[in-house]
Amino acid sequence: MRAKGVEFDVTYINLREKPDWFLKISPHGKVPVLKVGDVNLFESNAIAEFVEETVAPPLHPQDAVKRAQNRAWTDFVPTFSSGLSATYYAKTTAEQAEGFDKARAVLIKLEEAIANQRGNDGPYFNGPKLSLVDASYAPFFQRFAAADEKMQSGLLNDFPLVKAWSDALLATETVTGSVAESFPQEFAGNMHRRGTVIAPLFEAAAQGNRI
Ligand SMILES: N[C@@H](CCC(=O)N[C@@H](CS)C(=O)NCC(=O)O)C(=O)O
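Just so you know, these numbers come straight off a predicted model, no measurement behind them.

## Describing the pairing of strand E1 (residues 33-36)
Here is step 1: Where E1 meets strand E2 (residues 39-42), four bridges bridge the pair, whose relative direction is antiparallel. Across the sheet, residue Lys35 finds its bridge partner in E2, namely Asn40.
Here is step 2: Between E1 and E2, which pair antiparallel in sequence order, lie two residues; one of them, Gly37, sits at a positive phi of approximately 60°.

Here it is, written out as structure tokens:
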């Protein structure tokens, strides 16, 4: 919606204390939900496709084959996000080492997809223009960046096309402005509450915060 210049209001939900009104409009009790008039839409992809169909400019590629390929890679996002988060949600160093293996396994798939399909210098998934598939990956690159600022793993350096893609997304105000101002503290608080192995790298003062 930011990429399309849609005006909207955001209400943040404390997912550890979900309000009743939210549980009534979100069938699985999950964010995001998009309220459009009297209707409540849920599931990120369904919401993104709805905005794509109803608001210009189009963010999906015009070519049907490319669009199908983009949607296929958007379907990979849950696997991708759990691969990356395994590095920072790990509770022990052994679990974290396995997490990095899991992350490498998803990153190599994306690196190969970009190398084989894109045919230009990027930096985004399809080229110089931000598209819907970029929007689906951006939040997870953003969260990994918040963790890797502390972990200093340099993991993405082994995947140069993915790294350039992530760097471009994180240099875009459309992406960086998409989280609450308190995001760094909320992220740190989450690391502490989950008892992650990297929690000590984040200030303990963040512990009481909500996410
Ligand atoms: N497939 C859903 C996943 C949404 C999802 O997992 N949301 C998480 C936050 S990122 C959530 O609301 N978790 C709260 C819970 O499961 O209780 C989508 O893409 O919208």
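## Here's the deal with the packing of helix H4 (residues 77-88) against helix H6 (residues 132-151)
Here is step 1: Close contact between H4 and H6 brings their axes to 10 Å; oriented N to C, the two are set at 10°. The angle between H4 and H6 places the two elements in the roughly parallel class. Touching Val77, Phe80, Ser81, Leu84, Thr87 and Tyr88 of H4 are Ser136, Tyr137, Phe140, Phe141, Arg143, Phe144, Ala147 and Met151, all from H6.
Here is step 2: Taken together, the residues that form the contact of H4 with H6 break down as ten nonpolar, three polar and one charged.

## Structural notes on the layout of surface pockets
Rolled over the atoms, a probe as big as a water molecule pinpoints where empty space is left.
Here is step 1: Each pocket or cavity is described by its volume, and for the second largest pocket that value is around 250 Å³.
Here is step 2: Along the walls of the second largest pocket sit 14 residues, with Glu149, Lys150, Pro184, Gln185 and Phe202 positioned nearest its centre.
Here is step 3: Of the residues belonging to the lining of the second largest pocket, the class tally is nine nonpolar, two polar and three charged.

## Focus on the domain arrangement of the protein
Here is step 1: Partitioning the protein into domains gives domain 1 (1-57) and domain 2 (64-176).
Here is step 2: Each partner contributes to the interface: domain 1 provides six residues, whereas domain 2 provides seven residues.
Here is step 3: Taking both partners together, domain 1 and domain 2 bury about 550 Å²; carbon and sulfur atoms supply 50% of that area.
Here is step 4: The largest share of the area that domain 1 buries against domain 2 comes from Arg2, Asn45 and Glu49, three residues that together contribute 68% of it.
Here is step 5: Summed over the shared surface of domain 1 and domain 2, the number is two salt bridges.
Here is step 6: Class assignment of the residues belonging to the side of domain 1 that touches domain 2 gives a composition of two nonpolar, one polar and three charged.

What counts as what
Residues numbered from 1 in each chain as written. Predicted model: local features only at pLDDT ≥ 70, side-chain atom pairs only at ≥ 80, totals over all residues. Heavy atoms only, no water. Pairing = 2+ DSSP bridges. Helix = DSSP H or I, 4+ residues; strand = E, 2+ residues; numbered from the N terminus. Axes fitted to C-alpha atoms, helices over the stretch in contact; angles between N-to-C directions. Parallel < 35°, antiparallel > 145°, perpendicular 65-115°, else oblique. Contact = heavy atoms within 4.5 Å. Nonpolar A, V, L, I, M, F, W, Y, C, P; charged D, E, K, R; others polar. 1 Å grid on protein atoms, 1.4 Å probe; cavity = no way out; pocket = protein on both sides within 12 Å on 5 of 7 lines; lining within 4 Å. Points joined across faces, edges and corners; volume = space filled by probe spheres on them. Domains from an automatic or database assignment. Buried area = accessible area lost by both parts, 1.4 Å probe. Salt bridge = Lys/Arg side-chain N within 4 Å of Asp/Glu carboxyl O.

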